[in-house]
Amino acid sequence: MGSSSSSNGCSVFLLVFAVVVATASAGNFYEDFDITWGDQRAKIFNGGQLLSLSLNQASGSGFQSKKEYLFGRIDMQLKLVAGNSAGTVTAYYLSSQGATHDEIDFEFLGNLSGDPYVLHTNVFTQGQGNREQQFYLWFDPTRNFHTYSISWTAQHIIFLVDNVPIRLFKNAESMGVPFPKNQPMRLYSSLWNADDWATRGGLVKTDWSKAPFTAYYRNFRANTSTAASTFSGSAYQLEGLGPYGRRRLRWVQKNFMIYNYCTDLKRFPQGLPPECKHSRFNL
């Protein structure tokens, strides 16, 4: 009986492992993305394994996925603009289209040399955002590639950095809060000038003598199979946050969160958004 059970367990392991490899293998930028603007400022090289976006005084650049996604996990490794990146924004996000679009945002706000990047996150539902949380990172995102992930189900959205959860946005439709669950989204990224607001509220402008500014991308993965996602060593990929994931989330939010709309009483004098009144919906 023990031998049969072990054999069956091994077979299940191999089957699920095969599914993971099939559904979550690294993509090829030629096959998975279209460069949408920026002329020659956006480039794909190394046989489709590496992509770069650049910004100069004439223009930024951007790309979008060929496919749309409805739920799953998206991973991308980025190496951000090095040096004096003040005024620049590297945006990496899922979005649908139209006035009532849904959107799940990572935005990296550049800064002066030696000052930390600000990681800006937001969730739009039916065209309405205003759910910002901002963080410093616990590493220099310009020295090496790091993985930025969105795990999206009908129950929650989890933002992850190097597989560490930094934000959890739960479905609070029971409280009348819309949740993005009906509109498929494409993955977009762009590098652009936003020196009217990006760095210290627009006080620090882009130093064009440092141009071109360049960010790099590699190892894109799109995993839309819940069955595969649950077998990856990370219980919080698509299954929610377990005890370890919750501890990591609290660690990030205690030590690295610098803005949370759910605590901004001046911004919401008539009362905080309903999901903010119950921390289990929005951490």
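Each remark here, short or long, concerns the structure printed above.
Conventions used here
- Residues numbered from 1 in each chain as written.
- Predicted model: local features only at pLDDT ≥ 70, side-chain atom pairs only at ≥ 80, totals over all residues.
- Heavy atoms only, no water.
- Pairing = 2+ DSSP bridges.
- Helix = DSSP H or I, 4+ residues; strand = E, 2+ residues; numbered from the N terminus.
- Phe/Tyr/Trp six-rings, centres within 6.5 Å; stacked < 30°, edge-to-face > 60°.
- Salt bridge = Lys/Arg side-chain N within 4 Å of Asp/Glu carboxyl O.
- Buried < 20%, exposed > 50% of the residue type's maximum accessible area, 1.4 Å probe, protein only.
- Core = buried A, V, L, I, M, F, W, Y, C linked by side-chain atoms within 4.5 Å.
- Expected span 1.5 Å × (residues − 1).
- Arc of directions from axis to C-beta.
- Contact = heavy atoms within 4.5 Å.

Caption draft 1: Quick peek at the pairing of strand β13 (residues 186-193). Bridge count for strand β4 (residues 61-65) against β13 is 4 bridges, and the pairing is antiparallel. Paired with Q64 across the bridge in β13 is Y188. Sheet analysis places strand β6 (residues 88-95) next to β13, joined by 8 bridges and oriented antiparallel. Looking at β13, one finds that Y93 is bridged to Y188.

Caption draft 2: Here's a closer look at the packing of aromatic side chains. In the structure shown here, the tally under the stated rule is 19 aromatic pairs. When the ring of F108 is compared with that of Y148, the centres are 4.8 Å apart and the planes differ by 70 degrees; the resulting orientation is edge-to-face. With a gap of 40 residues between them, F108 in strand β7 (residues 103-109) and Y148 in strand β10 (residues 146-152) connect regions that are remote in the sequence. Ring centres 5.1 Å apart and planes at 70 degrees place the aromatic pair W251 and F256 in the edge-to-face group.

Caption draft 3: The pattern of salt bridges, seen in detail. Summed over all chains, the structure comprises 7 salt bridges. In this structure, the salt-bridge partner of R41 is D39, at a minimum N-O distance of 3.7 Å. Looking at D39, the relative accessible area reads 63%, which means it is exposed. Among the ionic pairs, K181 bridges to E173, the shortest N-O distance being 3.0 Å. The exposure class assigned to K181 is partly exposed, which follows from its relative accessible area of 29%. E173 sits in the partly exposed class, given a relative accessible area of 35%.

Caption draft 4: Layout of the nonpolar core. Judged by nonpolar contacts, the single largest core of 50 residues is most densely connected at M76, L94, F106, F108, Y148, I157 and Y217. Of the residues forming this core, the biggest block, 5 residues, is contributed by strand β14 (residues 213-223).

Caption draft 5: Summary view of helix α4 (residues 243-255). When the terminal C-alpha atoms of α4 are compared, their 18 Å separation across 13 residues agrees well with the 18 Å that a helix rising 1.5 Å per residue should span. All buried positions along α4 are accounted for by G245, L249, V252 and Q253. All buried residues of α4 lie within an arc of 90 degrees about the axis, which places them on one face of the element. Residues of α4 that are exposed and angled more than 90 degrees away from the buried face: P243, R250 and K254. Buried positions along α4 lie against β9 (133-135), β12 (164-170) and β15 (257-260).

Caption draft 6: Geometry of unusual backbone geometry. With omega at 0 degrees, the peptide bond leading from A211 into P212 counts as cis. Along the polypeptide, P212 turns up in the loop between β13 and β14. Positioned with a positive phi, D162 is a non-glycine residue whose angle comes to about 50 degrees. One can find D162 in the loop between β11 (156-161) and β12.

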